[in-house]
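# Inside the fold
Spelled out, the chains give:
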Amino acid sequence: MKAPKSVVRVVAPLRQQVYGILHEAIAQGHFKPGQRLVERELCETLQISRPLLREVLRNLEAEGLIRPVEPRGLEVARITIEDAHNIYEIRLALEGTAVAGFVRSASDAQRQALHVAFANFEEACKTEDSKLVHTSKNRFYEAILAGCNNPLLSDFLTSLHSRIQLLRGASLSEPNRLPNTLKELRAIHDAICANDEALAKRACNIHIRNAARVTKEALERQQQVVEEIES
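Keep in mind that what you see is a predicted model, and the values were worked out from it rather than measured. (Residues numbered from 1 in each chain as written. Predicted model: local features only at pLDDT ≥ 70, side-chain atom pairs only at ≥ 80, totals over all residues. Heavy atoms only, no water.)

### A look at the overall build of the protein chain
Put simply, the rule is: Numbering goes from the N terminus for both helices and strands, where a helix is a DSSP run of H or I of at least four residues and a strand is a run of E of at least two. Only protein chains enter the area calculation, which uses a 1.4 Å probe; residues under 20% of their type maximum are buried, those over 50% are exposed, and those in between are partly exposed. When checking whether two residues touch, look at their non-hydrogen atoms; a contact exists if any pair is within 4.5 Å. Where accessible areas are quoted, they stem from the Shrake-Rupley method and a 1.4 Å probe; at the residue level, only the protein chains shown are allowed to cover.
Along the protein chain, the regular secondary structure elements total 9 helices and 3 strands. Start at the N end of the protein chain and walk to the C end: the helices and strands fall as α-β-α-α-β-β-α-α-α-α-α-α. A burial count over the protein chain gives 41% of its 231 residues as buried. For the protein chain, the share of sequence-separated contacts (at least 6 apart) that also reach a separation of at least 24 residues comes to 74%. When the accessible surface of the protein chain is split by element, carbon and sulfur atoms take 53% of a total near 13500 Å².

Right, here's the structure in full:
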């Protein structure tokens, strides 16, 4: 006998839940770049086995969010100014193509999903909840990637966005960056709604160039502070 729909629950596998928790903790800056990840402590905190934790850590390492250090161990990846430049250069080359693909091929349902994702991001920007802002912004990008209907391009950009997670804390912490980000994503959203492929791609490129500039300036200031402390 099947349970009534009202009481049916879909629970993600434990591995997926743990991955989501650690991914979010890194993206939100709860684990700082360069911070060591101690398996014993993570297992105790998350109440999971070491084999399960190691499986999740391998996934995070493959995405470039953590890296091995000597002696045996792992730390949250450090993104240098040169790394950031390379990341945004690749993003500039690819993301506009995804936006243009969305304009050409997205279904009505995918367009509606993008509209809802942008509305949620807009509402999140009115709060002081950085986690909500971060999550809703990710949903906006995910909607674009789903609607571009190019699985290979989507895979490349999903992997790239995982690395960008390590940079968003720096960029969004800058004064006025969040209002400007909202303005830039609105321009992308509105151009897509108008079915203007060229305008949507141009709006996307403007957003990426601004994010790259702000991130570079933030990383340069962070590096200067470190150098002053060490001198």
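Anyway, onward from the coordinates.
### Things to note about the nonpolar core
Formally: To define a nonpolar core, start from buried Ala, Val, Leu, Ile, Met, Phe, Trp, Tyr and Cys residues and group those joined through side-chain atoms within 4.5 Å.
Ranked by size, the top nonpolar core spans 58 residues in total, and within it Leu22, Phe140 and Ile188 carry the most contacts. The dominant element in this core, judged by the number of residues it contributes, is helix H4 (residues 81-105), at 7 residues. Filtering out sequence-adjacent residues up to four positions away, Phe140 remains in contact with Leu114, Ala117, Phe118, Leu185, Ile188 and His189.

### Some remarks on the sheet that holds strand E1 (residues 36-37)
Each strand in a sheet pairs with another by means of backbone hydrogen bonds, the pair being arranged parallel or else antiparallel. Where we set the bar: For two strands to pair, DSSP has to find at least two bridges joining them. Lines fitted to C-alpha atoms define the axes, with helix axes restricted to the stretch in contact, and inter-axis angles between N-to-C directions lie between 0 and 180 degrees.
Taken together, the 3 strands give an open sheet; going across it, the order is E1-E3-E2, and neighbouring strands pair in antiparallel fashion. Each of the sheet's edge strands pairs with one partner strand only, and the pair in question is E1 and strand E2 (66-68). In terms of strand pairing, E2 meets strand E3 (residues 74-76) through 3 bridges, oriented antiparallel. For Pro68, the partnering residue across the bridge sits in E3 and is Leu74. Contacting E1, E2 and E3, helix H3 (residues 50-62) crosses the sheet at an angle of about 100° to E2.

### A short note on helix H5 (residues 108-124)
Selection rule: Expected helix span is computed as 1.5 Å times (number of residues minus one). Throughout, the arc means the angular range of directions from the helix axis out to the C-beta atoms.
Helix length check: H5 (17 residues) gives 24 Å between terminal C-alpha atoms against 24 Å at 1.5 Å per residue, within 8%. Three or more residues of H5 are buried, namely Gln110, Leu114, Ala117, Phe118, Phe121 and Ala124. Relative to the axis of H5, the buried residues are bounded by an arc of 120° and lie together on one face. Across from the buried face of H5, at angles greater than 90 degrees, the exposed residues are Asp108 and Ala109. Buried positions along H5 lie against H4, helix H6 (130-147) and helix H8 (177-193).

### Let's talk about the packing of helix H2 (residues 39-46) against H3
Selection rule: Small angles under 35 degrees read as roughly parallel and large ones over 145 as roughly antiparallel, with 65 to 115 read as roughly perpendicular and the rest as oblique. Each residue gets one of three labels, nonpolar for Ala, Val, Leu, Ile, Met, Phe, Trp, Tyr, Cys and Pro, charged for Asp, Glu, Lys and Arg, and polar for the others, Gly among them.
Axis separation between H2 and H3 bottoms out at 10 Å; the angle between their running directions is 110°. Between H2 and H3, the angle falls in the class roughly perpendicular. Residues Glu39, Arg40, Leu42 and Cys43 of H2 form the contact with H3, whose own contacting residues are Arg50, Leu53, Arg54 and Leu57. Across the contact of H2 with H3, the residue classes tally to 4 nonpolar, no polar and 4 charged.

### Thoughts on the packing of aromatic side chains
Formally: By convention, a stacked pair of Phe, Tyr or Trp rings (six-membered ring in the case of Trp) has centres within 6.5 Å and planes under 30 degrees apart, an edge-to-face pair has planes over 60 apart, and any other such pair is tilted.
What the rule picks out here adds up to 2 aromatic pairs. The structure contains a cluster of three or more aromatic residues connected by ring pairs, namely Phe118, Phe140 and Tyr141.

### Overview of the side chain of His23
Turning to its location among the elements, His23 is positioned in helix H1 (residues 14-27). Every residue in contact with His23, bar those within four places of it in the chain, is listed here: Leu60, Glu63, Leu65, Ser162 and Gln165.

### Brief notes about the environment of Val133
Structurally, Val133 is set in helix H6. Along the primary structure Val133 and Glu123 are separated by 10 residues, whereas in three dimensions their C-alpha atoms are 8.7 Å apart. Excluding its chain neighbours within four sequence positions, the residues that come into contact with Val133 are Phe121, Ala124, Cys125 and Leu178.

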